[in-house]
Amino acid sequence: MAAIPRPTPHLEQPKEQHLEQSPEQRRAADIIRLLSLYRPLLDAFIIDFFTEDLWAQLPPAWQPALASATPLQLARLLGGRGGPGAAWPLSLLAFAAAARALAFPRGCREGPPQPPCQSSHLHPLLRRHVKPKKQHEIRRLGKVGATPSPHCNLPTPPRPPNCPLSPQLLQRLSQATCCEHVVDIGAGQGHLSRFLAFGLGLSVTAAPRHVAGRLDPTAPWGEFLLPPEPPGPGPAARNPLGGPGGSEDGGQVLVTGLHACGDLSPALLRHFTRSAAVAAVVSVGCCYMKLSTTPQPPSCPPGYPLSATVAALLGHQLSYRAREAACHALEEYEGQLRRDSSHLRTHCYRAVLESLICAADPSKRHLGVQPGRKAHTLGFPQYAHLGLPLAGLDPAEVPLDSGAVGAMLEQQHKVVAFCTLGQLLAPAVETLILLDRLLYLREQGFHCALVPLFNPRFSPRNLVLVATRTPLAMVLAGLDKDSEDENSSKDMDSSEDEDPGEAEPPRKGQS
């Protein structure tokens, strides 16, 4: 890892060019300049902490303060909260402040770290076999305590006192676009689709990624869902989107992708821009490291960058490691720091293990060695005895009790501090990826906004991209009003309501 460079004046844009840009374009350019300054930090793999001496690559002025910082002080640095803490160098404070300022606001982060086991806002039949996190997401994406549709055959469950009868995002879009047919791409086990169909009475087509067929991101909308290759023994798969308007009856459709993985999210946006059959799209991305990047064949456009604006910016490229960092759960890591959780030791364990593996056989560098989910509960010898065989090494032939191993384990606090710096940059990377998608839609002339719809404490990918062919003001204004109504519901049982942090309206640069 090369040393992190000092800021240089040549990275500044001319004032005239800066003034001509939109807020979104300026934010994207500023993020790229920040990432360019600290790209070695962003692109570093934490498992290389000892093999590449990553600590020595930090600015010398940062090292003493970070080495002496407690986990609680690192949590305050990460969260931008005040209070007694370390005497941070001004350059480190400026780095942290810039990273936080350029990342999109993620909504309220207060409340419990996990939702309760069941949501009182969902009918019991709609939350059966649905994890609490997914209950929170489908409830927020669909509606909050809305009056059941007359087409819904489910019995009406008891409603918490003062629970507002207010529709939420997808239902508001359905009303605004006069479109009652929703296509749920990447539907998985169909939890959201069932809620939309039986809870809201919408017509729903669910297309899970494991559907008996394939999704072709480069095909026209009518050929987006294709039969499998080679064809299976059963009847040929029928394309539910093959009608003249986008659905079987020729009407328009609403397309949603809740955590559509990798290139699937960009594919949905591309199809929205190409076909008038799609009235609106609601996209929640995930797995950014699976995005395709340039260079790509002309027939295979990349998943990043989408927009001409970002593609034209020098240094816009994002490495696999940077895109992987954008998937991290910042709020969860901040909570681990505040609790001084035993989970914090796992990065150090893995870095020490990588050092031992490379010393024994350099060809085995960067293997996907994962000794188990409970690794934080083990001592390092136990951890190594589980991990080394996964790399094809005999633990009996590797010195696990040497002074060098002990010296590395004593540097856990440095590993944690280095991880914290990477976590500071991660939201800015995600913001750049989402900005690229928003700018792409703006370049095509569509109305779009990014909304922090989910509580980031238990749904880290909480920024929802909404795009329509008509103005979004009424939809977003209603969404904001719903949040105000819910916040005014004082009598709701907080033990049953997993959503203490409601969505915020889009801020400047998000809509």
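Above: the structure in question.
Residues numbered from 1 in each chain as written. Predicted model: local features only at pLDDT ≥ 70, side-chain atom pairs only at ≥ 80, totals over all residues. Heavy atoms only, no water.

Within this structure, the stated rule accounts for eight salt bridges. Note that Glu 334 and Arg 338 form a salt bridge whose closest N and O atoms lie 3.4 Å from each other. With a gap of four residues between them, Glu 334 and Arg 338 both fall in helix H14 (residues 330–339), about one helical turn apart. With a relative accessible area of 5%, Glu 334 lands in the buried category. Salt bridges linked by common partners bring Asp 48, Glu 52 and Arg 365 together as one network. (Salt bridge = Lys/Arg side-chain N within 4 Å of Asp/Glu carboxyl O. Helix = DSSP H or I, 4+ residues; strand = E, 2+ residues; numbered from the N terminus. Buried < 20%, exposed > 50% of the residue type's maximum accessible area, 1.4 Å probe, protein only.)

What follows covers helix H6 (residues 90–102). Its 13 residues place the ends of H6 18 Å apart at the C-alpha level, agreeing with the 18 Å of an ideal helix rising 1.5 Å per residue. Inspection of H6 places Leu 92, Phe 95, Ala 96, Ala 99 and Leu 102 among the buried residues, and these make up the whole buried set. An end-on view of H6 places all buried positions within 145° of arc, on one side of the element. Exposed side of H6, more than 90 degrees from the buried face: Leu 90 and Ala 101 are the residues found there. (Expected span 1.5 Å × (residues − 1). Arc of directions from axis to C-beta.)

On to unusual backbone geometry, then. Looking along the chain, the bond that leaves Thr 294 and enters Pro 295 is cis, with omega of 0°. Of note, the bond from Tyr 304 into Pro 305 is cis; its omega dihedral lies within 30 degrees of zero at -5°. Examined against the element boundaries, Pro 305 turns out to sit in the loop between strand S8 (278–286) and helix H12 (308–311). One non-glycine residue, Asp 53, lies in positive phi territory at about 50°. Considering the arrangement of structural elements, one finds Asp 53 in the loop between helix H3 (39–43) and helix H4 (63–68). Using a relative accessible area of 42% as the deciding quantity, one classes Asp 53 as partly exposed.

Geometry only, nothing functional implied.
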